[in-house]
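# Architecture and fold: a report
Read off the chains here:
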Amino acid sequence: MTLHDVSIPDGSNQSLNIAVSSNGVADIGRRITIPARCGIATRLSEGQVLSIVNPSGHQVCDFFAFAADNLTEHLSMAHLHTTLGSIFPVVGDALVSNQRSPLLTITEDTSPGVHDTVIACCDHARYRELGCDGYHDNCADNLRMALIAIGLKAPLIPAPFNIWMNVPVAADGSTSFQPPVSRAGDRISMRAEKEIIAVMSACPQDMTPVNGEGVAPGHLEFIVSNR
Ligand SMILES: [Zn+2]
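Each residue is numbered by its place in its chain's sequence as written, counting from 1. Where local features are concerned, this predicted model is filtered to residues with pLDDT of at least 70; where side-chain atom pairs are given and counted, the filter is 80 or more; whole-chain, interface and lining totals use all residues. Excluding hydrogens and water, the side-chain values take into account all heavy atoms of the structure.

Here we take up the state of the cysteines. Cysteine sulfur pairs qualify as disulfides if the two atoms are within 2.5 Å. This model, assessed by the stated rule, comprises zero disulfides. The structure places no disulfide on Cys132, whose sulfur is separated from the nearest cysteine sulfur, that of Cys122, by 11 Å. Since its relative accessible area comes to 15%, Cys132 is described here as buried. Each residue gets one of three labels from its accessible area relative to the maximum for its type: buried under 20%, exposed over 50%, partly exposed in between, using a 1.4 Å probe on protein chains only.

Printed below as a string of structure tokens:
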């Protein structure tokens, strides 16, 4: 039996060519654009802060993080739910890995705090399911390509921390895909608790309203700082 290599993208976009550097180390304090529909990886040392900015206010960021010394340790939403006793992380909360170890702590969130930790990232199969015939940019491939662009391979596609994604969970457990309630310029900052590889995808979903109603998926920005 041949195991499928999960690190290989189903298609490609410019995520392969926009790495911050060959090893993912970004210039401190530089405001870096994540082009619409693309993903970028950045390496953070312990104590460094990653700030992600939502210029339009309606753009979701699918966020992933891996321990730099062992990519099979990754940010895990299911483990986070246990740690927090909630599906909504807020400022001060640690975001834990599948080893139940903190990878990041949220230090700032200027948005209303509506983020999603329940829904899997979009992928090739999801767009097929929605009726798309050809290749559609997707967050799973953006993650794969962002890691390839810094010389790494995705060992799996974890469930993301969907920053600014608005998927209300009703009392009966039902969910729905709604436009974000974040505002133009909203920013979330997270401090790395150990050396990590963070991956951000400007979600290219344009077949449901998760990135806003009647607007094209937009770009995001991020800054790495030493504070
Ligand atoms: Zn997506």
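Once the structure has been displayed, the description carries forward.
The next point concerns the environment of Lys153. By the criteria applied, helices consist of DSSP H or I runs no shorter than four residues and strands consist of E runs no shorter than two, each listed in order from the N terminus. Looking at the secondary structure, you find Lys153 in the loop between α3 (139–148) and β8 (161–163). Separated by 121 residues in the primary sequence, Lys153 and Ile32 place their C-alpha atoms 22 Å from one another.

Structurally, Asp141 is set in helix α3. Distance and chemistry together define a polar contact, namely a pair of N or O atoms within 3.5 Å, with one atom able to donate a hydrogen and the other to accept it when in protein, and with adjacent residues in sequence counting only for side-chain atoms on both sides. Within the structure, the side chain of Asp141 is placed 3.4 Å from the backbone nitrogen of Gly11, a separation counted as a polar contact. The contact rule is simple, with two residues in contact once any of their heavy atoms fall within 4.5 Å. Filtering out sequence-adjacent residues up to four positions away, Asp141 remains in contact with Pro9, Asp10, Gly11 and Tyr135.

Looking now at the nonpolar core. Here, nonpolar core refers to any group of buried Ala, Val, Leu, Ile, Met, Phe, Trp, Tyr and Cys residues whose side-chain atoms link them within 4.5 Å. Ranked by size, the top nonpolar core spans 34 residues in total, and within it Ile52, Phe63, Phe161 and Phe222 carry the most contacts. Beyond its immediate sequence surroundings of up to four residues, Phe222 is in contact with Val20, Arg30, Arg31, Ile32, Ile34, Ile40, Thr42, Leu50, Ser51, Ile52 and Met200. Within the second largest apolar cluster, 23 residues are counted, among which are Cys132, Ala146, Leu147 and Val199.

Remember that the coordinates give geometry; whether it matters functionally is a separate question.
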